[in-house]
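Chain by chain, the residues:
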Amino acid sequence: MQQKVSEQSGYFGPFGGRFVPETLIHALEELEDAYERYRNDPKFTEELEGLARDFVGRPTPLMFASRLTEKWGGANVWFKREDLAHTGAHKINNTLGQILLADRMGKSRIIAETGAGQHGVATATVAALYGKECVVYMGEEDTHRQRLNVIRMNLLGAEVKPVVSGSKTLKDALNEAIRDWVTNVEDTHYIIGTVAGPAPYPRMVRDFHAVIGRELEAQSKEKFGGDPDAIIACVGGGSNAMGAFHQFVGRPDTKLIGVEAAGRGLESGEHGAPLALGRVGVLHGSKSYVLQTDEGQIVEAHSISAGLDYPGVGPELSYLKDEGLAEFVSTTDDEALEAFQYCSKAEGIIPALETSHAIHYAEKVAKDLGPGRNIVINLSGRGDKDVEAVTEALDLYKTSSDVVGESATNPNGTDE
Amino acid sequence: MSNARGSNVSRLVGAFEGKTALIPYLTGGYPSLDGAREVGEAYIEAGGDIVEIGVPFSDPLADGPVIQGTTVQAIRNGANTDYCLDLAGGFACRVPVVFLVYYNTVMARGTETFLSDCAENGVTGLVIPDLPVEEAREFSALAAEADVGLCPLAAPTTSERRLEGIGAAATGFVYCVSVAGVTGVREKLPPQAVEILRRVKAKVSAPTALGFGIGSASVARQAAREADGVIIGTKLMQIVEKGGAEAAGAWLSEISDALPGVEHH
């Protein structure tokens, strides 16, 4: 089992910590105190659980994916349907927990960073719910890739600030959000969207997402009478993976498999796989595996999915890797695109491109385990946001050649 | 190099004695690899007592857009840790040099190697903006062993309890951050700056230097009433961008003249 003692000091083994400018230390201490105070407070828990039920729609279902099970001819495939949570991804679990804390700490302004936009939408949503000012930093490149989510954030009343520094993606959005926080720390709470960043974020974000694994455990018992043989989740920063894994860490009968973005191939150098190819370093406030040069300059990551396009990873995942408590693999852009399409057609679910990485790798796991076993894919989000990006990548826009309603007597084609 | 004038650390602390230390900043490798040498020379000519060299890092999250921009350019110019050590070595026979360096750069080289290379090249102190004292315990011991001073930051948001830890860790000077914010020029000295300086001085014996936002003679003069040293970065980098080393040196001379009780080289 994990070292609970080292968690208290903000570390998971050698990973984690609090590597931030001095100005922020007070805010992190304040946040940690608030979290420790409220996490077991019955009123807090009641409010959070009530909103999770009535606002988010929890519990999300555990669904049998019969067509994929049949197609792959191996283990039974199950989907944990986080895509059905309000706003369309698991991200809402964490933002809800943090807005409750921010409210109790008396913070009037909320900031966040976002890659694929789902965390931004979730933050804008809870900020609206609690009547807080909200600013979301998003890499300029991602604002184009995820136009739909930018529109949603605007509708929810948030200001989306495009970030033009560096690689113009998630990494740079995090830098800018931290700079904003340093400047406005008195009235501002920073809702970090993943299990990265300085302590207490990695543990706190994980705890807010751990509801996924708790539900999964109960639902697995009900649906197939025991724990899953494997749980598979995509890994960018690692929030949906930690949420699904946490309840099962250290249980030898359940394999935990995280899928990173191999991008254009691990050997191409254009990927988002720090657990596969990174070195231990410090990025965005914690010590973890990081993609970097020998000199320590952070390398720009690449993935077709904006949410996996990140050169770092949450410190607890680094710990799970080094301790052999979870296995980490990777899937390329092309493989994810393939899974995106066949999942849509086979199961009637358009998954997020991030999630598609996990779905693709799940085929191998299902085949390796064989019939009669049960694997769960954490379906972290829905793919509406990715439709434009996928259309561009695959030249998908088409309609049937049979035109309906054309009339020989009406050459202008009107229906009148 | 450290033996010629006593230890690195005592040389750094000595620069604060009997005067307000003027500490100009330059980004290593900006505006060019040779240009940064000229900037440093101009600083020393203009009365800079300690030269602070920013070791360029791709993700400098404590810095505002001006210094961030110089950093990006410096990396493009090919600046790296080896270059910055060499740059430091060039200035170190005349003034103490401190590095502003992000912790990942230190880790990438290996902490012990980094520290011994610093000592070899006359880098007398380190400002590591993303290494708060809690994370610096092991590092402090290694730095002391290598005779490189540690210059921890204190901010207006720093608690009294933490000031004690910062005082204990400060073998160089305490870098007092004038505002809650990133680097960048501000119009006047904010009241929090005076307050943090007084709080640090009440608790800590190491010299204090005020940074973040000092961009005019009048602000520098106000700062010097409270601080043992004044750090100027963003404004100088703006001047270097527009007018090069010569302009920066000329401007710094005015600041130097304006500081009370400054003994020039």
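Data block above holds the structure.
Cut-offs applied
Residues numbered from 1 in each chain as written. Chains lettered and ligands numbered in written order. Predicted model: local features only at pLDDT ≥ 70, side-chain atom pairs only at ≥ 80, totals over all residues. Heavy atoms only, no water. Buried < 20%, exposed > 50% of the residue type's maximum accessible area, 1.4 Å probe, protein only. Helix = DSSP H or I, 4+ residues; strand = E, 2+ residues; numbered from the N terminus. Pairing = 2+ DSSP bridges. Contact = heavy atoms within 4.5 Å. Buried area = accessible area lost by both parts, 1.4 Å probe. Salt bridge = Lys/Arg side-chain N within 4 Å of Asp/Glu carboxyl O. Polar contact = N/O pair within 3.5 Å; in protein donor to acceptor, adjacent residues only side chain to side chain. Phe/Tyr/Trp six-rings, centres within 6.5 Å; stacked < 30°, edge-to-face > 60°. Expected span 1.5 Å × (residues − 1).

Enquirer: What's the story with the pairing of strand S14 (residues 374–378) of chain A in this structure? I'm lost.
Expert: On any regular strand, side chains alternate: one points to one face of the sheet, the next to the other face. All names here are of chain A. Where burial is concerned, most of S14 is hidden: five out of the five residues are buried. Side chains Asn-374, Val-376 and Asn-378 project from S14 onto one buried face, and the interleaved Ile-375 and Ile-377 project onto a second face that is buried too. Here five bridges tie strand S4 (residues 76–80) to S14, and the two strands are oriented parallel to one another. From the neighbouring strand, Asn-76 faces S14, where its bridge partner is Asn-374. Sheet analysis places strand S9 (residues 230–234) next to S14, joined by three bridges and oriented parallel. Counterpart to Ile-231 in the pairing with S14 is Val-376.

Enquirer: Would you mind going over the interface of chain A and chain B with me for this structure?
Expert: Interface size is commonly expressed as the accessible area that is lost once the parts come together. Contact with chain A, which involves 34 residues of that partner, is made by 34 residues of chain B. The junction of chain A with chain B conceals about 2,700 Å² of combined surface from both sides, 49% of it contributed by carbon and sulfur atoms. Together, Glu-22, Arg-179 and Glu-295 of chain A form the three largest contributors to the area buried by chain A at its contact with chain B, with a combined 26%. Here chain A and chain B share three salt bridges between them. The partner of Lys-171 of chain A in a salt bridge is Asp-59 of chain B, with the nearest N and O atoms 3.0 Å apart. There are 18 residue pairs in polar contact (both at pLDDT 80 or more) connecting chain A and chain B. When residues of the side of chain A that touches chain B are traced back to their parent elements, those giving at least two are helix H2 (22–38), helix H9 (170–183) and strand S11 (279–283) of chain A.

Enquirer: Where do I start with the pattern of salt bridges in this structure?
Expert: Side chains that carry opposite charge are capable of pairing whenever their charged atoms lie near each other. Residue and element names in this part refer to chain A. Per the counting criterion, the structure on display carries 48 salt bridges over all chains. For Arg-251, the salt bridge is made with Asp-227, and the minimal N-O distance between the two is 2.8 Å. Highlighted residues: Arg-251 in the loop between helix H12 (239–245) and strand S10 (255–263) and Asp-227 in the loop between helix H11 (211–224) and S9, separated in sequence by 24 residues. A relative accessible area of 30% places Asp-227 in the partly exposed class.

Enquirer: Is there a simple way to explain the packing of aromatic side chains in this structure?
Expert: One pair of aromatic rings is described through two measures. These are the centre distance and the angle between the planes. Scanning the model with the defined rule gives 15 aromatic pairs over all chains in all. Measuring from ring centre to ring centre gives 5.6 Å for Phe-19 of chain A and Tyr-103 of chain B, while their planes differ by 10 degrees; the resulting arrangement is stacked. With Phe-19 of chain A in the loop between strand S2 (15–16) and H2 and Tyr-103 of chain B in helix H5 (residues 103–109), the pair connects residues from two separate chains. For the residue pair Phe-19 of chain A and Tyr-103 of chain B, the accessibility class agrees, reading buried in each case. Pairing Phe-99 of chain B with Phe-114 of chain B gives two aromatic rings, centres 6.4 Å apart and planes at 50 degrees, and the pair type is tilted. With Phe-99 of chain B in strand S3 (residues 97–100) and Phe-114 of chain B in helix H6 (residues 111–120), the pair connects residues that are 15 residues apart, well separated along the chain. What makes Phe-99 of chain B buried here is its relative accessible area of 0%. Take Phe-114 of chain B: its relative accessible area is 0%, and that puts it in the buried class. Through successive ring pairs, a cluster of aromatic residues spans Phe-19 of chain A together with Tyr-103 and Phe-139 of chain B.

Enquirer: How should I be thinking about H9 of chain A in this particular structure?
Expert: Residue and element names in this part refer to chain A. With 14 residues, H9 ought to run about 20 Å at 1.5 Å a step, and its terminal C-alpha atoms sit 20 Å apart, in line with that. In terms of burial, H9 is largely enclosed, as 12 of its 14 residues are buried. Those residues of H9 not exposed but buried are Leu-170, Lys-171, Asp-172, Ala-173, Leu-174, Asn-175, Ala-177, Ile-178, Arg-179, Asp-180, Trp-181 and Val-182.

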